[in-house]
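# Structural overview
Residue-level listing of the chains:
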Amino acid sequence: MGFTIAQGLMLVFLIASTMAVTTANKGWQFGNWPYRGPYHPNKTQTSNRIIVGDSYHWNYGFNYTEWAIKHGPFYLNDTLVFKYDPPTPKTFPHSVYLLPNLRSFIKCDLKNAKKVGNTTQGAGEGFKFVLKRPWQPHYFACGERNGLHCMNGTMKFFVMPIFRWYR
């Protein structure tokens, strides 16, 4: 019984995820943040409103996977706000798709994806998506031009919301 390609990809994904979490949590010592006691360093007691891409918003050419790693962890009931310009003759349109699984995310396969934000919903205050599924990955991608913005590897990211721990 040998490894299949899917098993190999899953192993690579698990190793990469473990390394990302380890890097993001450097400085933690036995579950405690140094010099702050045994509590999680995020002291907010309520849900956060997070603008995807910060001031860059949801635009082509920005690495959102890197952004998600730097801005994690994400928590249950946090709101992701996708802001992007409505389509004009001078701009590329953008949308937001929720991909069903890791395979679709890696391949930018939009066949079974759900469009959660169309090309005009990102204008003004932006399109809001509330993270409602704890411990389950949410895979996001731009689906315009048949996934071209996703395929270059930048306009896609995933988050796995966790429960917020209170004092």
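Here the structure is a predicted model, which is why all the values come from computation and not from measurement.

## With respect to the side chain of T154
The topology assignment puts T154 in the loop between α4 (144–151) and β7 (156–159). For T154, a relative accessible area of 15% corresponds to the buried category. Engagement of the side chain of T154 in a polar contact is seen with the side chain of N152, the distance being 2.7 Å. The contact partners of T154, leaving out residues within four places of it in the chain, are G61, F62, N63, Y64, T65 and H149.

## Focus on the pattern of salt bridges
Applying the stated criterion across every chain yields a total of 3 salt bridges. A salt bridge links R49 to E125; its shortest N-O distance comes to 3.8 Å. Residue R49 is found in strand β1 (residues 49–51), and its partner E125 is found in the loop between β4 (114–117) and β5 (127–130); the two are separated by 76 residues along the sequence. The exposure class of R49 is partly exposed, given its relative accessible area of 45%. With its nearest N and O atoms 3.3 Å apart, the salt bridge here joins E66 to K70. Pair noted here: E66 and K70 are both in helix α2 (residues 64–71), with a separation of 4 residues, about one helical turn.

## Overview of α4
Those residues of α4 lying buried are E144, G147, H149 and C150. Take α4 and look down its axis: the buried residues cluster within an arc of 140°, on one side only. G153 sits one or two positions beyond α4 and adopts a positive phi of about 90°.

## Some words on the pairing of strand β2 (residues 79–82)
Of the two faces of β2, the one carrying T79 and V81 and the one carrying L80 and F82 are both buried. Where β1 meets β2, 3 bridges bridge the pair, whose relative direction is parallel. Across the sheet, the residue bridging to R49 is T79, located in β2. Each parallel crossover has a hand, and the one from β1 via α2 to β2 is right-handed. The pairing of β2 with β5 spans 4 bridges and is classified as antiparallel. Each bridged residue has a counterpart across the sheet, and for V81 the counterpart in β5 is K128.

## Describing the sheet that holds β1
If you walk across this open sheet you meet the 3 strands as β1-β2-β5, and the pairing is mixed. In this open sheet, the two edge strands, each paired with only one partner strand, are β1 and β5. Across the sheet, the axes of successive neighbouring strands diverge by a mean angle of 25°, strand direction being ignored.

## Digging into the packing of aromatic side chains
Going through the model one piece at a time under the given rule, you end up with 16 aromatic pairs. Among the aromatic side chains, those forming a connected cluster through ring pairs are Y56, W58, F62, Y64, W67, F74, F82, F127, F129, F140 and F157. Directly above the aromatic system of F105 lies the positively charged group of K156, at a separation of 4.7 Å from the ring centroid.

## Looking at the state of the cysteines
One pass over the full model with this rule turns up 1 disulfide. Each sulfur in the disulfide pair C108 and C150 lies 2.0 Å from the other. Handedness of the C108-C150 disulfide follows from its S-S torsion of about -75°: it is left-handed. With C108 in the loop between α3 (102–107) and β4 and C150 in helix α4, this residue pair connects regions lying 42 residues apart in the sequence. Residue classification places C108 among the buried positions, given a relative accessible area of 5%. Exposure remark for C150: the relative accessible area of 1% places this residue in the buried category. The closest cysteine sulfur to the non-disulfide-bonded C142 is located on C150, 8.2 Å from its own sulfur.

What counts, and at which threshold
Residues numbered from 1 in each chain as written. Predicted model: local features only at pLDDT ≥ 70, side-chain atom pairs only at ≥ 80, totals over all residues. Heavy atoms only, no water. Helix = DSSP H or I, 4+ residues; strand = E, 2+ residues; numbered from the N terminus. Buried < 20%, exposed > 50% of the residue type's maximum accessible area, 1.4 Å probe, protein only. Polar contact = N/O pair within 3.5 Å; in protein donor to acceptor, adjacent residues only side chain to side chain. Contact = heavy atoms within 4.5 Å. Salt bridge = Lys/Arg side-chain N within 4 Å of Asp/Glu carboxyl O. Arc of directions from axis to C-beta. Pairing = 2+ DSSP bridges. Right-handed = clockwise from strand over helix to strand, strands pointing away. Axes fitted to C-alpha atoms, helices over the stretch in contact; angles between N-to-C directions. Phe/Tyr/Trp six-rings, centres within 6.5 Å; stacked < 30°, edge-to-face > 60°. Lys NZ or Arg CZ within 6 Å of the ring centre and 35° of its normal. Disulfide = S-S within 2.5 Å.

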